[in-house]
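An overview of the molecular structure
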Amino acid sequence: MNTRHTLPGDIERTSMSIIAAELAERGIILPPEQEAVVKRVIHTTADFDYASSLRFTPGAAELGQAALQRGVPIVTDTNMARAGISKPSLEAFGCTLRCFMAEPEVARLARERGLTRAAVSMERAAQEYPGAILAVGNAPTALLRIAELMEEGLRPALVIAVPVGFVNVVESKEILFAACETRGVPAIAAMGRKGGSNVAAAICNALLYAAAKTLDPAARGWQ
């Protein structure tokens, strides 16, 4: 066991070097504008499949960074994703971070209308933060509702579509991504079954760090 790397910044920096070396060994060359996102997701999951399964609409990463620099809010579909997003980085840009899933009113409306709380949460996001970044790491129904809301005129700053699972997961990502391509909405999606709240948070953090030029942990005050 290598016990030389014990400080958080050193661990992250060394991990990223390992990821870069293994990508090179596999012959994978990432587009520069997507590199930070893909590497951060691999760092979070130790899964190199994301190098091929993550899809970006044209300019999605740069547009996401620009939105964060403007202080655009982020709305997540789980409190787990919300917990994983860097609060100091959000504060640096003045970004609001919300998740409506645990609110009693959302649960009530979901029961009355026969919908999931995730779908109702996206309706709340559309009402309160219509130009937000929507980060979905768990619920396919959230993606399907976003696609429907986009037909009605919703234009998020970015949709992060990375639910994990077996039921409607693959289909919902494909529907959402196609809807974003058609309507010119930036999107980052993990095609296939893989994803999760940790992946949604990792993508948000990669965009935040890139926007703030703090991809190196030393720039975030880490040793």
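First things first, this report covers the structure right here in the doc. The structure displayed is predicted, hence computed values, not measured ones.

**As for the overall build of the chain**
Counting its regular elements, the chain contains 11 helices and 6 strands. Relative to the globule expectation of 17 Å for 223 residues, the C-alpha radius of gyration of the chain, 17 Å, shows essentially globular dimensions. Expressed as a percentage of its 223 residues, the buried residues of the chain come to 52%. A fraction of 67% describes how many contacts in the chain between residues 6 or more apart in sequence connect residues 24 or more apart. Accessible surface computed for the chain: about 10,300 Å², of which carbon and sulfur atoms make up 54%. Seen as two clouds, the 23 positive and the 23 negative side-chain charges of the chain have centres 3 Å apart.

**Details of the pattern of salt bridges**
Counting across every chain of the model gives 17 salt bridges. A salt bridge links Glu12 to Arg220, with the shortest nitrogen-to-oxygen separation between them at 2.7 Å. Here the residue Glu12 occupies a position in helix H1 (residues 8–25), and Arg220 occupies one in the segment after helix H11 (197–212), the gap between them amounting to 208 residues. Here Glu12 matches Arg220 in class, with each residue buried.

**Quick look at the sheet that holds strand E1 (residues 54–56)**
Spatially, E1-E6-E5-E4-E2-E3 is the arrangement adopted by the 6 strands of the open sheet, whose pairing is mixed. Two strands close off the open sheet at either side, each with one partner strand: E1 and strand E3 (97–99). Averaged over all neighbouring strand pairs, the angle between strand axes comes to 15°, with direction disregarded. Both E1 and strand E6 (residues 187–190) contribute to a ladder of 3 bridges, which runs antiparallel. Across the sheet, residue Leu54 finds its bridge partner in E6, namely Ala190. Helix H9 (residues 140–151) contacts strand E4 (133–136) and strand E5 (158–161) of the sheet and is inclined by roughly 150° relative to E4. Sheet strands in contact with H11 are E1, strand E2 (74–76), E4, E5 and E6, and its direction is about 140° off that of E5.

**Let's talk about the layout of surface pockets**
Here the idea is plain: a probe the size of a water molecule rolls over the atoms and shows the empty space left. Approximately 280 Å³ is the volume attributed to the largest pocket. Lining the largest pocket are 14 residues, with Met16, Glu35, Ala36, Lys39 and Leu215 positioned closest to its centre. Elements represented by at least two residues in the lining of the largest pocket include exactly H1 and helix H2 (32–45). For the lining of the largest pocket, the element with the most residues is H2, which contributes 6 residues. In terms of residue class, the lining of the largest pocket is built from 6 nonpolar, 1 polar and 7 charged.

**With respect to the pairing of E4**
Of the two faces of E4, the one lined by Ile133 and Ala135 and the one lined by Leu134 and Val136 are each fully buried. As paired strands, E2 and E4 are joined by 3 bridges and run parallel to one another. For Val75, the partnering residue across the bridge sits in E4 and is Leu134. Examined bridge by bridge, E4 and E5 share 4 bridges and lie parallel to one another.

**Regarding helix H10 (residues 169–183)**
Taking 1.5 Å as the rise per residue, H10 with 15 residues should run 21 Å; its terminal C-alpha atoms sit 21 Å apart, in good agreement. Looking only at H10, the buried set comprises Val169, Ser172, Lys173, Leu176, Phe177, Ala179 and Cys180. Projected onto a plane normal to the axis of H10, the buried residues spread over an arc of 160° and lie on a single side. Buried residues along H10 sit in contact with E1, H9, E5 and E6. One or two steps after H10, the chain reaches Gly184, where phi turns positive at roughly 70°.

The rules behind these values
Residues numbered from 1 in each chain as written. Predicted model: local features only at pLDDT ≥ 70, side-chain atom pairs only at ≥ 80, totals over all residues. Heavy atoms only, no water. Helix = DSSP H or I, 4+ residues; strand = E, 2+ residues; numbered from the N terminus. Rg over C-alpha atoms; globule rule 2.2 N^0.38 Å. Buried < 20%, exposed > 50% of the residue type's maximum accessible area, 1.4 Å probe, protein only. Contact = heavy atoms within 4.5 Å. Areas by Shrake-Rupley, 256 points an atom, 1.4 Å probe, with all protein chains shown as cover. Lys, Arg positive; Asp, Glu negative; His and termini not counted. Charge placed at Lys NZ, Arg CZ, Asp CG, Glu CD. Salt bridge = Lys/Arg side-chain N within 4 Å of Asp/Glu carboxyl O. Pairing = 2+ DSSP bridges. Axes fitted to C-alpha atoms, helices over the stretch in contact; angles between N-to-C directions. 1 Å grid on protein atoms, 1.4 Å probe; cavity = no way out; pocket = protein on both sides within 12 Å on 5 of 7 lines; lining within 4 Å. Points joined across faces, edges and corners; volume = space filled by probe spheres on them. Nonpolar A, V, L, I, M, F, W, Y, C, P; charged D, E, K, R; others polar. Expected span 1.5 Å × (residues − 1). Arc of directions from axis to C-beta.

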